Amino acid sequence: MTARQDGQFSLAFQPIVESLNGSLCAFEALMRWHHPIRGYISPSIFIPVAESSGLIALFGEWALRNACQQAASWPWAAQVSVNISAAHVRSPAFPSNVATALAISGLAPQRLELEITESVQLDASDEIVGMLDELRRFGVRVVLDDFGAGWSSLDVLRRFRFDGLKIDRCLVSDLPSNPRAVAIVRAIIRLAGELGICVTAEGVEDISQLQILRDLGCERLQGFLVGKPGPEAVAPSRHLWLVSA
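Quick notes on the rules
Residues numbered from 1 in each chain as written. Predicted model: local features only at pLDDT ≥ 70, side-chain atom pairs only at ≥ 80, totals over all residues. Heavy atoms only, no water. Helix = DSSP H or I, 4+ residues; strand = E, 2+ residues; numbered from the N terminus. Buried < 20%, exposed > 50% of the residue type's maximum accessible area, 1.4 Å probe, protein only. Contact = heavy atoms within 4.5 Å. Areas by Shrake-Rupley, 256 points an atom, 1.4 Å probe, with all protein chains shown as cover. Pairing = 2+ DSSP bridges. Right-handed = clockwise from strand over helix to strand, strands pointing away. Axes fitted to C-alpha atoms, helices over the stretch in contact; angles between N-to-C directions. Parallel < 35°, antiparallel > 145°, perpendicular 65-115°, else oblique. Left-handed = near helix turned anticlockwise from the far one by under 90°. Nonpolar A, V, L, I, M, F, W, Y, C, P; charged D, E, K, R; others polar.

Visitor: Run through the overall build of the protein, naming residues and quoting values.
Guide: Per the secondary structure count, the protein includes 12 helices and 9 strands. Counting over 245 residues, the protein shows a buried share of 51%. Expressed as a percentage of contacts within the protein between residues at least 6 apart in sequence, the contacts between residues at least 24 apart total 65%. A total of about 11500 Å² of accessible surface is found on the protein, and carbon and sulfur atoms cover 54% of it.

Visitor: Lay out the pairing of strand β8 (residues 198-201) in plain terms, naming residues and giving numbers.
Guide: Here β8 shows two buried faces, one formed by C198 and T200 and the other by V199 and A201. Two elements, β8 and strand β9 (residues 220-221), share 2 bridges in a ladder whose sense is parallel. In the sheet register, A201 faces β9, and the bridge partner there is L221. Remark: the β8/helix α11 (residues 207-216)/β9 crossover connection has right-handed handedness.

Visitor: Run through the packing of helix α10 (residues 179-195) against α11, naming residues and quoting values.
Guide: Where α10 contacts α11, the two axes come as close as 10 Å, and the packing angle between them is 40°. The angle between α10 and α11 places the two elements in the oblique class. Two packed elements cross with a definite hand, and for α10 against α11 that hand is right-handed. Together, V182, V185, R186 and I189 of α10 and I212, L213 and L216 of α11 make up the contact between the two elements. For the contact of α10 with α11, the class distribution of residues is 6 nonpolar, no polar and 1 charged.

This is the structure in structure tokens:
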């Protein structure tokens, strides 16, 4: 982990807001790598390499600790959302990693969200399910990421109780012009409501998407329209909600 030791890694924070009034509710922490020679290296390149090399759990631990430390200093009581890989969740040290990150930073457990993809749950053992349930009882929120991008999402919802889910950007990008996408997003939001799960839409990039998601009852929004990832946690302007209400 030379790059981590050399300070080449950093976190960018993308805001997540309430759809009805644009109020800030969370930031997603995203890893960035600035190589001294190659410059910016996309996560789409270095994350798969970290997964294949077995380093992804170390990446996740670093991101978790740093995200909690930075969130503890924010002027808002916003939640911080951290992506957790399947390898990190399956690590026996994962619960202690979470506990240590919270203890060192002093961040309240209720302000931490752990985002996991459905791949974590495909072969989930009773131990993993029990560990995630224990974290939820402690107050940490567990969110299902990229919902709608895979074939097994419904089975994942059947097997585990999530606090939230994030509608994948592949569905959001087709709104509002594709009636099939609208029907699917509507069904996801209704299903989540029946299960008591908070819904966030990812990849919101224009006003028309914002308006239809709000009309469909989506609770939270994330995307370039709301705010781009940046090195500092910056609250977005509420102007968009005032002009489009």
